[in-house]
Amino acid sequence: MDKIESCVMKDAKISFCPSIALEVLCFIQKQSLDDTKWMDKRQIDEIKNINEQLPDSFSNRRIGMSTLSLILSTYTDNHLEDISIDDLITIFRKPSDISSVVRNRITNEYTASYVYPTLELLCDGWADKYIEKISIMKEIGFEQQYKTRILPLVQKEIEEKSQNIIKYNTVNLFNQISILKSQPLVEKVKIFVSFFSFPTAFTLYKGNFLTCFTANDTDFFSLIAHEQMHGFACSETIELYKQYVAQDSYLTEMHKHLIDDMQSGDEEEMVMAAEYYLCLLAGSYTKEKLLQYAKTRYNGYCPTSVILFHLLSEEAELPSDYNKWLINKFQTKQLPQNNIPEYLDQIR
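Summarised in this report is the structure supplied together with it. (Residues numbered from 1 in each chain as written. Predicted model: local features only at pLDDT ≥ 70, side-chain atom pairs only at ≥ 80, totals over all residues. Heavy atoms only, no water.)

### Topic: the overall build of the protein
A tally of helices and strands in the protein yields 16 helices and 5 strands. Relative to the compact-globule value of 20 Å for 348 residues, the protein shows a C-alpha radius of gyration of 21 Å, a close match. C-alpha extents for the protein along the principal axes are approximately 60 × 40 × 40 Å. In the protein, which comprises 348 residues, the proportion classed as buried is 55%. Pairs at least 24 apart in sequence give 76% of the contacts found in the protein among residues at least 6 apart. (Helix = DSSP H or I, 4+ residues; strand = E, 2+ residues; numbered from the N terminus. Rg over C-alpha atoms; globule rule 2.2 N^0.38 Å. Buried < 20%, exposed > 50% of the residue type's maximum accessible area, 1.4 Å probe, protein only. Contact = heavy atoms within 4.5 Å.)

Written out as C-alpha cells, the structure is:
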C-alpha cells in the first residue's frame, strides 16, 4: 500500500494515522457480525461485502482485537502506518520474537496480566491461525479494496479530527497526565483511526491509541485523557479496587455488569475518574455536568468512578501519583463503605 501521510498538529503533539495492519485485526473480530447494534451501516455493509468473498474456511475464531493490537503496537513501537498485509504475515511468523520483545517492553503488572496469556496463545498456534486468515484476506485483495473504498473515508475523518483537536490545550493535558501517572512526559501521540473497530476505542503502546471511525461527535479531549491514563495501576491497586466493590452488594452487582455486559476491565472505573478530573482541570467542564455524565455512563454501571472523581475534585492540588493516591484512599477507607446509592445522590 502506498505510504499515507498523517495529519500532524505540532503544538498538540498529536498525529492522526490510518493503519491497514490494525484494520485487518479489527476486521477479523468484527467479521462475524455477532453484535451489530452499535455498528455503523457503512461498516456493516463493507463487512458483508468482504464476507461474500471469503471461503467457508475463514472461521470466526479469533483473539480480542484490542489486546492483539496492543501487542502489535508494542512489538513495532507504534510504527504501524506503513505495515502492509505481507509485513503483518511476516510478523506473525515469529511469535517467539513477538513474545520476547513485548514482555521486555510491557512490565506493568495489570497490563501484563492479560497481554502475557495472549502471547502464550500466539506461541501455541494462534499465530499460525492468524497467518492463515491474513493470507486469505491477501488473496481476495483486501489491501487494494481498503485503499480504494475505505481509506478515503478514513482520510476525510482524519482531516476533520485534526481540525477538531486544535481547540484543546493538550500540552497542559499531557503534563497533568505525566504527574498523575508519575511517568515521563509523553512527547507525542499517534491516534490511529479505524474503520472496522467501531464503536470501540482502545489503548496502544506508550499512550498511543486507536479511535473508531464516525466518532466525530466524541468529546476528543476526554477520550485522549481516558486512553492516556490506562496502564497506570499496579496489581495492589487492582486488588484493593476488587476488594472494595466485593464488600457491598450494590457495587458487586454494578461491577459484574461492567465486566460481563460492557466487556470492560478492572482498571476502567479508576481511569474514568481520572478522565473526569482532567476534564474538570481543563476549565471548560463543570463538576455538575461531569457528574451527570459519570452517573449515567455505561448504563450507570460505574458508581466507584463517580466516588473517586468526587474525591479527586476535592484535592487542593494535582496528586503526584494517582496509583499511590488510590492505594491510600482504599486502605484508609475514605470511600463510602455502605449506602452507596444514597452517597451518590448527595454528591454535588
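There's more to say after this.
### Here's the deal with the side chain of His310
On the secondary structure map, His310 appears in helix H14 (residues 303–313). Residue classification places His310 among the buried positions, given a relative accessible area of 11%. There is a polar contact of 2.8 Å between the side chain of His310 and the side chain of Lys287. Each residue touching His310, except ones within four places of it in the same chain, is listed here: Lys287, Tyr343, Ile347 and Arg348. (Polar contact = N/O pair within 3.5 Å; in protein donor to acceptor, adjacent residues only side chain to side chain.)

### Quick notes on the packing of helix H5 (residues 95–105) against helix H6 (residues 109–139)
As a packed pair, H5 and H6 sit with axes 9 Å apart at the nearest point and diverge in direction by 170°. In terms of axis orientation, H5 runs roughly antiparallel to H6. In this structure, H5 contributes Pro95, Ser96, Ile98, Ser99, Val102 and Arg103 to the contact, and H6 contributes Val115, Tyr116, Leu119, Glu120, Leu122, Cys123 and Ala127. In terms of residue class, the contact of H5 with H6 is built from 9 nonpolar, 2 polar and 2 charged. (Axes fitted to C-alpha atoms, helices over the stretch in contact; angles between N-to-C directions. Parallel < 35°, antiparallel > 145°, perpendicular 65-115°, else oblique. Nonpolar A, V, L, I, M, F, W, Y, C, P; charged D, E, K, R; others polar.)

### Considerations on the pattern of salt bridges
Tallied over the full model, the rule gives 13 salt bridges. Among the ionic pairs, Lys138 bridges to Asp86, the shortest N-O distance being 2.7 Å. With Lys138 in helix H6 and Asp86 in helix H4 (residues 85–92), this residue pair connects regions lying 52 residues apart in the sequence. Look at Lys138 and you get partly exposed, because its relative accessible area is 44%. (Salt bridge = Lys/Arg side-chain N within 4 Å of Asp/Glu carboxyl O.)

### Brief notes about helix H12 (residues 268–282)
With 15 residues, H12 extends 21 Å from end C-alpha to end C-alpha; this agrees with the ideal 21 Å at 1.5 Å per step. Among the 15 residues in H12, 12 count as buried, and that is most of the element. What H12 keeps buried is the set Glu268, Glu269, Met270, Val271, Met272, Ala273, Ala274, Glu275, Tyr276, Tyr277, Leu278 and Cys279. (Expected span 1.5 Å × (residues − 1).)

### Notes on helix H10 (residues 235–246)
Between its first and last C-alpha, H10 extends 16 Å over 12 residues, near the 16 Å set by a 1.5 Å rise per residue. Of the residues making up H10, those classed as buried are Thr237, Ile238, Leu240, Tyr241, Tyr244 and Val245. Viewed along the axis of H10, the buried residues span an arc of 165°, placing them on a single side of the element. Buried residues along H10 sit against H6, helix H11 (249–260), H12, H14, helix H15 (322–331) and helix H16 (340–346). (Arc of directions from axis to C-beta.)

### What to know about the packing of aromatic side chains
The full count for this structure, using the stated rule, is 15 aromatic pairs. Their ring planes at 25° and their centres at 5.6 Å tell us that Phe92 and Tyr130 sit as a pair that is stacked. Taken together, the positions of Phe92 in helix H4 and Tyr130 in helix H6 put the pair 38 residues apart, joining distant regions of the chain. Tyr130 shares its class with Phe92; the two are buried. An aromatic cluster of at least three residues, connected via ring pairs, comprises Phe27, Phe142, Phe195, Phe196 and Phe213. Over the aromatic face of Trp126 sits the side chain of Lys129, whose NZ or CZ is 5.1 Å from the ring centroid. A cation sits over an aromatic face here: Lys133 above Phe58, 4.5 Å from the ring centre. (Phe/Tyr/Trp six-rings, centres within 6.5 Å; stacked < 30°, edge-to-face > 60°. Lys NZ or Arg CZ within 6 Å of the ring centre and 35° of its normal.)

### Details of the pairing of strand E3 (residues 189–194)
In terms of burial, E3 is a largely internal element, 6 of the 6 residues being buried. Inspection of the sheet shows E3 paired to strand E5 (residues 209–212) by 4 bridges, in the parallel sense. Opposite Phe192, over in E5, you have Leu210 as the bridge partner. (Pairing = 2+ DSSP bridges.)

### Re unusual backbone geometry
Cis geometry marks the peptide bond from Phe198 to Pro199, where omega comes out at 10°. Mapping Pro199 onto the fold places it in the loop between E3 and strand E4 (202–203). Despite not being glycine, Lys333 shows a phi value in the positive range, around 55°. For Lys333, the location among the structural elements is in the loop between H15 and H16. A residue is classified by how much of its surface remains accessible, and Lys333, at 57% relative accessible area, is exposed. Of note, the phi angle at Asn339 is positive, near 50°, even though the residue is not glycine. Within the secondary structure layout, Asn339 lies in the loop between H15 and H16.

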